[in-house]
Each structure stands twice: as C-alpha cells, then as structure tokens.
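Breakdown of the fold
The lines below spell out each chain.
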Amino acid sequence: MVDALRDAGRVCSAAVEEAFRAVPRHLFLPGLGLAEAYADEAVAVQFAGGVATSSASQPSMVAIMLEQLDVRPGQRVLEIGAGTGYNAALLARLVGPTGAVTSVDIDEDLIDRAAVHLASAGVDRVELVAGDGALGHAPGAPYDRIVLTVGSDDVRPEWLAQLAPGGRLLLPLAVRGSQLSTAFDLGPDGVLRSHSVRSCAFIRLRGAAASPDANTCLDGIGVALQVPADGPQPDAAAVAGALADPRGHRDCTVPLGSVDVWDGFGLWLALTEPGACRLLAVEPQTALPDDLLPLGAGSGTVGLVAAPGAVPGVAAVVLGGDDRAPLRVRASGPSGDALAERLLATLERWGAVERPGAPDWRFVAVPRGIDVDLPERAAVVDKRHCRLLADLPGRTIV
Ligand SMILES: C[S@@+](CC[C@H](N)C(=O)[O-])C[C@H]1O[C@@H](n2cnc3c(N)ncnc32)[C@H](O)[C@@H]1O
C-alpha cells in the first residue's frame, strides 16, 4: 500500500512514508481481511439510516492531508474526527515522543473502539476525547496543527482561538458545492491564508456545526437542486417546471471530461456565476427524460439556473454516455437557451484561464469581527463565521 501511495505521488515526504510503514492499518479495521485493509479504499465502520457516519478514510486522502498538514516532531496536534484512530496513530508517529496528539470524536462508542485499536498497535501517546469537535478541545490548546477529518461548512472561531500563532488549520471545507481539503496558515493579523487546496469527499460534521441539508428536492422528477447557501434561492417549482420543458442540446466548445466537471469547471462556475447550481438524481427518475442525468440515481451535474422571479430556465452539462464525444449542455425552460449560452461562455472563460482545478485556487478566510484591508478577489463566499476570498494566483480573470 505504501509503495503504491509513494509511486502515485500521494506520499511525498520521508516522514509521512515512515509513519505509514510503521502503523499497521489492519489493526484499526479488525474483522477485515488484509487485502481489504490495505486496499486504497475508504472503509465505512458505522452507519445511521443506511448512511455512513464514520469511516477509515481512503489511504490516498489520508496521505494527501498529512502532506498538507506538514507535522513536525514535537508539535501539538488536535484531530477532529478520531474514527478508527488510524490517522491519530500516524499523527502520533509524526510528532514523535516530544509531541502530543489529541483526537476528538462525537461518538463515545467510536472513541472506545479507537482506544482498543491504538492499544493493539502499541500507540499510547494519543489522548482520545468524546465530544463535539465544533468546540475544539480547549484544555489542550494552543495547538500547532488542527486537522478535521470530517467535512465542515465553516471555519469555527473555537478552532482559531485554539490555534497557536503561525499554526496550520487543515479542514475539508465546503465551498459552493465542492468540498476542498484546505490547509490554512494563521497570520499575525488573525487572517487565514491557504497554503494548499485539494479535492476531497468527507462525511460531514454532526453536532453543533452540522449544516442543514443543502439539497431541495424537486417534486415529481427525482432530482434535487443545490444552490450556494450565500446566493439567491430559486423557486423549486419554477426549476422543476423548467426541467420538464427541454429546449435542445448544444455541444461544449471546450473539451470537458467528466473528471473536470466537479472541482474543475464546477468550482469555477460556482465561484464566478451567481446562478450556479448542482442537480442530483436522487431516486429512479420517472418523469424526467434521461437526457439530463443519464447515469441515473446517485449521479449529478452542474449548471446554471434562472434567478428567483426571472423567466424560468436551467442549463446543465449532460454527463455520461460516450466519453469520447464532447459533453453537451441541455437547455430547459423559456430562458434555457440564454442560460445555455451563458454556461458555454463561462466554460470558454475557464478554458481561457487554463482550466483551473481545486489545487490552483487560493483562499483567504477572514474571521467575522476582523477588519483588514485586502485587495479585491476573484470571488467572495460569505459564511456565518468567516468571509472567504478566492483567487487564482498568476491568472487574469476576465
Ligand atoms: C471520516 S471519519 C474520520 C476518520 C478517522 N480520522 C480515521 O482515521 O479513522 C469522520 C469522523 O468524524 C466524526 N465526527 C462527526 N461529527 C463530529 C463532531 N462534531 N465532532 C467530532 N467528531 C465528529 C465521525 O463520528 C467520524 O468518526
């Protein structure tokens, strides 16, 4: 597993490689065969209502995040999302005997199991805490590193208050429909500046920092609509009506593979266009023709939706089918053609700035209450506890 992670460029540093080689993953997944324990797959370990609420994250993602975190010997680290305890064991190895690792999970039962796993691996330097990680863990502060291995919608003030000056906060942060593993460094002005950004897909926080479901189910068509929480909220009935009124397809003028869609073009669209939306097939589609979401239940796509009160319409990229053929845009509803034009123009602009993906973006998170004069940015995302400023260094956005 470690050879493969190194060959794939997921493990880069000698310290992370050594930690991976020293911590046996199978001890954190008792009952699983060795082949499964060392496959590059996430393993769900707890469910509620058929949905995974805890998992051992995919080793590739664990490695990417440990490289982003850049843990040094002797540091104090807080992990939020102890899960199986595997990542905590890797962190303990990285900080060494002079450092300290505290790992919090909201489920007492998971904490008890993580304690057994850590003991079986001979790791005795992790402090496990059952509690809501939204609050961090003040008794152990300040921390040089705080890492969430669970998705968050926001940057909580508690985490910032517990971060040492110059410390690093790494979290899977929701950014207009994308989830981005973002490593922020805390500046002397109290502002966080991203050091590196990667795509990810984590289970989301429960407890005080849980976010409401971002999806609006569109009646009768088995599709959920997702629009950024900080933008206008379109009328669901108008969107459903528009989707049931197809106005033809257009070919994408810029090559767009299905892998580019979410955190490549989709992120660009969400950050630069106010009407950006995501459409998700939530159940077997009965009323909707399969020329919108041909891959069926569980699939999704990105698009543009008319503003509330405007002439209804939707334009969406159609994913699936023949991968060699250019992707198409489906226009729907009375303003669908105009939106399709706009979507294609946005795609051209994305092509013109060399098709940026998640790692190309830089974010500045300004906590509420901090007044700093920062240059204008490409995009601004307003969250409850911070204002996120997004930029593409070295590229001119027109
Ligand atoms: C992807 S798993 C973490 C994997 C873990 N780091 C490992 O190595 O196995 C996400 C974890 O976050 C926990 N979690 C969810 N909400 C939480 C909260 N508010 N505070 C602390 N932990 C939380 C879940 O119970 C789950 O165990």
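Residues numbered from 1 in each chain as written. Predicted model: local features only at pLDDT ≥ 70, side-chain atom pairs only at ≥ 80, totals over all residues. Heavy atoms only, no water.

Quick look at helix α5 (residues 86-95)
Residues that lie three or four places apart on an α-helix share one face, since the helix turns once every 3.6 residues. For the record, the criterion: For every residue, the accessible area obtained with a 1.4 Å probe (protein chains only) is divided by the maximum for its type, and the residue is called buried under 20%, exposed over 50%, and partly exposed between those limits. Going along the chain from the N terminus, every DSSP run of H or I of four or more residues is numbered as a helix, and every run of E of two or more is numbered as a strand.
Of all 10 residues that make up α5, 9 are buried, and the element is covered over most of its length. Phi turns positive, to about 75°, at G96, one or two residues after α5.

As for the pairing of strand β3 (residues 76-80)
Worth spelling out the cut-off: Pairing between strands is defined by DSSP: at least two bridges between the two strands are required. Handedness of a crossover: with both strands directed away from the viewer, a clockwise path from the first strand across the helix to the second marks it as right-handed.
Counting buried positions along β3 gives 4 out of 5 residues, so the element sits mostly inside the fold. Sheet topology places β3 next to strand β4 (residues 100-105); 5 bridges connect them, and they run parallel. The partner of E79 across the bridge, within β4, is S103. In this view, the connection linking β3 to its parallel neighbour β4 by way of α5 has right-handed handedness. Taken together, the 4 bridges between β3 and strand β6 (residues 143-148) define a ladder with parallel strand orientation. Across the sheet, the residue bridging to I80 is L148, located in β6.

Comments concerning the side chain of S152
The cut-off we apply is this: Polar contact is defined as a pair of N or O atoms within 3.5 Å, subject to the rule that within protein one atom must be able to donate a hydrogen and the other to accept it, and that residues adjacent in sequence are counted only when both atoms are side-chain atoms. Contact definition: two residues touch when any of their heavy atoms are within 4.5 Å.
Position of S152 among the secondary structure elements: in the loop between β6 and α7 (157-161). Reaching out from S152, the side chain makes a polar contact with the backbone oxygen of D154 at a distance of 2.7 Å. With residues near it in sequence (within four places) discarded, S152 still touches W159, L171, P172, L173, A174 and L205.

Quick word on the site of the ligand
Formally: When at least one non-hydrogen atom of a residue lies within 4 Å of a molecule or strand, that residue is treated as near it. Working definition of accessibility: Shrake-Rupley area with a 1.4 Å probe, residue cover restricted to the visible protein chains. In this analysis a 1.4 Å probe is tested at points of a 1 Å grid over the protein atoms alone, and where it fits but cannot get out there is a cavity; an open set with protein on both sides within 12 Å along at least five of seven lines is a pocket; lining residues have an atom within 4 Å of a point. Should more than half of a molecule's atoms lie within 2 Å of a pocket's or cavity's grid points, that molecule is taken to sit in it. For this scheme, ten residues count as nonpolar: Ala, Val, Leu, Ile, Met, Phe, Trp, Tyr, Cys and Pro. Four count as charged, namely Asp, Glu, Lys and Arg, and the remainder, Gly too, count as polar.
Every one of the 25 residues lining the ligand counts as a neighbour, but S54, T84, D105, G133 and R206 are closest to it. Between the ligand and D105, the relevant distance is 2.7 Å, taken from an oxygen atom to a side-chain nitrogen or oxygen of the residue. Interatomic distance of 2.7 Å between a side-chain N/O atom of R206 and an oxygen atom of the ligand. Taking 600 Å² as the accessible area of the ligand by itself, protein coverage stands at 99%. Given that more than half its atoms are within 2 Å of the pocket grid, the ligand belongs to the second largest pocket. A per-element tally of the shell around the ligand places strand β2 (residues 51-56) first, with 4 residues. The class makeup of the residues in the shell around the ligand is 9 nonpolar, 12 polar and 4 charged.

Remarks on the domain arrangement of the chain
Worth spelling out the cut-off: Boundaries between domains were set according to an automatic or database domain assignment. Here the quantity called buried area is the total loss of accessible area, with a 1.4 Å probe, experienced by two parts when brought into contact, counted for both. The term salt bridge refers to a side-chain nitrogen of Lys or Arg lying within 4 Å of a carboxyl oxygen of Asp or Glu.
Each assigned domain of the chain is listed here: domain 1 (2-209) and domain 2 (215-352). Summarising the inter-unit geometry, the C-alpha centres of domain 1 and domain 2 are found 34 Å apart. Between domain 1 and domain 2, the contact holds 7 residues from the first and 9 residues from the second. Between domain 1 and domain 2 the total buried area reaches about 650 Å² when both faces are included, carbon and sulfur atoms providing 46% of it. Scanning the region where domain 1 abuts domain 2 turns up 1 salt bridge. Remark: the boundary between domain 1 and domain 2 carries 6 residue pairs in polar contact (both at pLDDT 80 or more). Of all the elements, strand β8 (residues 178-186) adds the most residues to the side of domain 1 that touches domain 2, at 3 residues.

A few points about the sheet that holds strand β10 (residues 215-218)
Operational definition: Note on geometry: axes are C-alpha line fits, over the in-contact stretch for helices, and angles between N-to-C directions span 0 to 180 degrees.
Strand order across the open sheet formed by 7 strands is β10-β11-β13-β14-β15-β16-β12, with antiparallel pairing between neighbours. Edge positions in the sheet fall to β10 and β12 (246-251), since each of these pairs with one other strand and no more. Going from strand to strand, the sheet's axes swing by 30° on average, the running direction of each strand aside. Here β10 runs beside strand β11 (residues 223-226); their pairing, made up of 4 bridges, is antiparallel. Within β11, the residue paired with C217 across the bridge is A224. Its contacts with the sheet place helix α9 (residues 258-272) against β13 (276-281), β14 (300-305) and β15 (314-318), and it is angled at close to 15° to β14. In this fold helix α10 (residues 336-352) packs onto β12, β14, β15 and β16 (328-332), with an angle of close to 50° to the strand it touches most, β15.

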